[in-house]
Amino acid sequence: MSTTTSVPAGTYGLDTVHSTIGFAVKYNGLAKYRSSFEKYDAALADGVLTGSADVSSIAVDEPNFKGHLLTADFFDAENAPTITFKSTDIAVAEDGTGEVSGDLTIRGVTKSVVAKGDVSTATDAYGNERVLFEIATTIDRREFGINWQNQLPNGNDALAYDVEISVSLQFVKAA
C-alpha cells in the first residue's frame, strides 16, 4: 500500500441488515460450497474491529449436513461455539483498498490473519456516518484443527484445505 489514511475515530455499531459473514471452500474438486452465519456481531471502536459468529447459526438447510458441520469433525460447536476476530492493525490506502490484520479464533485456536479488500466511509441519506469493510482472507482449515477429509474415486481430496472467509460489514456511528 502506498499512502494510508486512518479509520474514522469513534464508536460504530453494526448494521446487520447490510452485513454478512460467510465462507467458501472447494468441494468434490468442482465448485466452491458457500455458506454464511446468521447470528453474528461486530463493532468498530477507536480504530479496532472486533467480531464474533455463532457457529450453530451456520446457514445450511439440510439437517444431517448441518449436524455434521457442528461436530468435532468440523467446527466442534459444543466445545467452541463462537468464532472471534480482533484487529491488530487497519491500513487503508487513499484509493480505499485496505488491509485488516488481526487474530482469528476458530475451535479455540487463534492465528494471525490479514484480510484485504475495500474500506470506505460515507454519510447516508439520514446524515449518519457509515464505515464499510468488504474484506476477505484465505486460511488453511487444518491450522484451526479442522482436519476432516475423504478421498474421491480419482484419489483427490473431497474437501479443499483452503477456506476463503469473506465479510461485508457496514457500521453506523453511535450518536
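An account of the accompanying structure is given in this report.

Basis of the calculations
- Per chain, the residues get numbers from 1 upward, laid out in the order the sequence is written.
- Where totals are concerned, whole chains, interfaces and linings use all residues; where local detail is concerned, this predicted model gives features only for residues with pLDDT of at least 70, and gives and counts side-chain atom pairs only at 80 or more.
- As a rule here, side-chain values come from all non-hydrogen atoms in the structure, and water together with hydrogens is ignored.
- Where helices and strands are cited, they refer to DSSP runs of H or I of at least four residues and of E of at least two residues respectively, numbered from the N terminus.
- Here, residues are in contact when the closest pair of their heavy atoms is within 4.5 Å.
- For Phe, Tyr and Trp, where Trp contributes only its six-membered ring, two rings pair if their centres lie within 6.5 Å, and the inter-plane angle classes them as stacked under 30 degrees, edge-to-face over 60, or tilted in between.
- Burial status follows relative accessibility: with a 1.4 Å probe on protein chains alone, a residue under 20% of its type maximum counts as buried, one over 50% as exposed, and anything between as partly exposed.
- The term salt bridge refers to a side-chain nitrogen of Lys or Arg lying within 4 Å of a carboxyl oxygen of Asp or Glu.
- Side-chain atoms within 4.5 Å link the members of a nonpolar core, which is a set of buried Ala, Val, Leu, Ile, Met, Phe, Trp, Tyr and Cys residues.
- Whether two strands pair depends on DSSP finding at least two bridges between them.

## Considering the side chain of Asp140
Mapped onto the elements, Asp140 comes out in strand E10 (residues 129-140). Leaving out residues up to four positions away in the same chain, Asp140 has contacts with Tyr161 and Asp162.

## Regarding the packing of aromatic side chains
This model, assessed by the stated rule, comprises 6 aromatic pairs. On the basis of an interplanar angle of 80° and a centroid distance of 6.0 Å, the ring pair of Phe37 and Phe75 is categorised as edge-to-face. Here Phe37 is found in the loop between strand E4 (31-36) and strand E5 (40-45), whereas its partner Phe75 is found in the loop between helix H1 (63-70) and strand E7 (82-93), with 38 residues between them in sequence. Across the pair, Phe75 and Phe37 agree in class, each one buried.

## Comments concerning the environment of Leu159
Relative to the elements of secondary structure, Leu159 occurs in strand E11 (residues 159-173). Leu159 sits in the buried class, given a relative accessible area of 8%. Sequence separation between Leu159 and Ala43 is 116 residues, and the spatial gap between their C-alpha atoms is 32 Å.

## Examining the pattern of salt bridges
Any two side chains of opposite charge can pair if their charged atoms end up close together. Applying the stated criterion across every chain, the model contains 5 salt bridges. Of the charged contacts in the structure, one is a salt bridge between Asp124 and Arg130, with a shortest N-O distance of 2.9 Å. Here Arg130 falls in the buried class, since its relative accessible area comes to 18%. A salt bridge links Arg142 to Asp140; the shortest N-O distance between them is 2.8 Å. By relative accessible area, which is 18% here, Asp140 ends up buried. One continuous salt-bridge network, built from bridges that share partners, spans Asp15, Asp124 and Arg130.

## A closer look at the nonpolar core
In globular proteins that are soluble, nonpolar side chains generally tend to be buried together. With 42 residues, the main nonpolar core has Leu44, Leu49, Phe75, Leu104, Phe133, Leu169 and Phe171 as its most contacted residues. With 6 residues, E11 is the single largest residue contributor to this core. Residues within four places of Leu104 in sequence aside, it is in contact with Ile83, Thr84, Phe85, Val109, Thr110, Lys111, Val113, Ile139, Phe144 and Ile165.

## A closer look at unusual backbone geometry
Its identity as a non-glycine residue notwithstanding, Asp46 has a phi of 50°, on the positive side. Relative to the helices and strands, Asp46 resides in the loop between E5 and strand E6 (48-54). For Asp46, a relative accessible area of 61% puts it in the exposed group.

## Things to note about the pairing of E5
Burial along E5 is one-sided: Tyr40, Ala42 and Leu44 are buried, and none of Asp41, Ala43 and Ala45, which face the opposite way, are. In this structure, strand E2 (residues 11-14) lies alongside E5, joined through 3 bridges in antiparallel fashion. The residue of E5 that forms the bridge with Tyr12 is Leu44. Direction of pairing for E5 relative to E6: antiparallel, over a ladder of 6 bridges. In the sheet register, Ala45 faces E6, and the bridge partner there is Val48.

As far as function goes, none of this settles anything; it's purely spatial.
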